[in-house]
Amino acid sequence: MSTPAAPSPSGQPALNASLNYGGDAAGLICGYLLGEDAAPREVDSVQAAQWLALAGPTGAAAPAGEFLWLHFNLSQAQAMRWMERHADLPEAFFDALKDRSVSTRIERDDDTLIAVLNDAQFDFAFEPSDIATLWTSVAPHLMVTGRTRPLRSVDALRTAVRSGQAPNSSVGLLAELMRTQASGLVDIVRGVTQRIDDVEDELLAGRLDHKRARLGGLRRLLVRLQRLLAPEPAALFRLLQHPPAWMGADDAQELRDSTEEFSVVLRDMQGLQERIKLLQEEIAASVQEANSRSLFVLTVVTVLALPINILAGLFGMNVGGVPLADDPHGFWIIVAVVLAFTAVAGWLALRGARDR
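In this text, all values refer to a predicted model and were calculated from it rather than measured experimentally.

What follows concerns the overall build of the protein chain. Regarding its fold elements, the protein chain presents 9 helices and 7 strands. Looking at the protein chain residue by residue over its 356 residues, the buried ones come to 41%. By sequence separation, contacts in the protein chain at least 24 residues apart represent 68% of the contacts at least 6 residues apart. Within the structure as shown, the protein chain displays about 19300 Å² of accessible surface, and the carbon and sulfur contribution to it stands at 56%.

As structure tokens, then:
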């Protein structure tokens, strides 16, 4: 039996995000007030609105070192209204939500970072459709993330923040989110590698079954992951060359390190794609070789049956003058002739197979 939530400063009960994973009335899944000298404190949408009103549009009035992380369920219509009313987010963030391009990128809009990240869904099952998008806005005093479907990396980040392992800045939180995504991708790569190893073992054992279809699905998954997760190099280069004034050198280095971790995982994915391609070619060659053997056996059988079919056709004609018709040894003579022609035809067919 769950215990009642503690009341908020406004007198309303604080919502427990772990029990209401889809979000509260404002679409807020979870919210945390973070800082250098204080433990992470969970807030609801009412408390978040009050804090943002006191901090001001630019966060100038916020307590030194404090920043807010708000994570929304964008499937709820109230989430967009709440962000427009209270969060004072740039138009570029809302444009990114409407944009059909969901490739991973981090861009700068004045003094705000706009990031579009892709990650595996919480119930990821190695299907290309199990990839969802996370939209992020990062300012010195506020980090807002929004998704339409549950994501693994955000859930892992929530767990880390709740346990007290939170970065000291909003950019550090973004870098930690990207590192968490990279860790999740490493697990996916390990799972794909294990599946490829199983297919390779079955191939070496001579059990073809349906491995080509399985490899095709894994390759489509890796291609989609690489296409969606590879950060756009131009936007990232511009950001790291000209970061916002409020971003410290340590934060910029953390962001650079997190993107490098992404690059390492993406290179591993590319190597797996090449390995899958080689396995597919080897399986195709094995199938072609098996088909060639079957065709050769069929050809040999046809060639061996050709002499007896020809002689049977000739001697089966209902006309006069059929040779050996009255000879008591005619049958055995014909058998000997058929065997001789069959032996010659078989020798020619087998010799042609050895010459290939």
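A few words now on the packing of aromatic side chains. Taken as a whole, this structure holds 3 aromatic pairs when the rule is applied. Ring centres of Tyr32 and Trp69 lie 6.0 Å apart, and the angle between their planes is 25 degrees; on these two criteria the pair is classed as stacked. Placement of the pair is Tyr32 in strand 1 (residues 28–35) and Trp69 in strand 3 (residues 66–73), with a sequence separation of 37 residues. The exposure classification of Tyr32 matches that of Trp69, with both residues buried. Measuring from ring centre to ring centre gives 5.3 Å for Phe72 and Trp82, while their planes differ by 45 degrees; the resulting arrangement is tilted.

Looking now at the sheet that holds strand 1. Taken in spatial order, the 7 strands line up as 2-1-3-7-6-5-4 in an open sheet, and their pairing is mixed. In this open sheet, the two strands that pair with only one neighbour each are strand 2 (41–42) and strand 4 (105–109). This element, helix 2 (residues 77–87), spans strand 3 and strand 7 (142–147) of the sheet and lies at about 155 degrees to strand 3. The strands that helix 3 (residues 91–98) touches are strand 4, strand 5 (112–120), strand 6 (131–138) and strand 7; relative to strand 6, the one it contacts most, it runs at about 170 degrees.

This part covers the pairing of strand 4. Summarising the sheet, strand 4 and strand 5 pair through 5 bridges and their orientation is antiparallel. Of the residues in strand 5, the one forming a bridge with Glu107 is Ile114. Taken together, strand 4 and the strand that follows it, strand 5, pair antiparallel across an intervening segment of 2 residues, in which Asp110 is found at a positive phi of about 55 degrees.

Conventions and cut-offs
Residues numbered from 1 in each chain as written. Predicted model: local features only at pLDDT ≥ 70, side-chain atom pairs only at ≥ 80, totals over all residues. Heavy atoms only, no water. Helix = DSSP H or I, 4+ residues; strand = E, 2+ residues; numbered from the N terminus. Buried < 20%, exposed > 50% of the residue type's maximum accessible area, 1.4 Å probe, protein only. Contact = heavy atoms within 4.5 Å. Areas by Shrake-Rupley, 256 points an atom, 1.4 Å probe, with all protein chains shown as cover. Phe/Tyr/Trp six-rings, centres within 6.5 Å; stacked < 30°, edge-to-face > 60°. Pairing = 2+ DSSP bridges. Axes fitted to C-alpha atoms, helices over the stretch in contact; angles between N-to-C directions.

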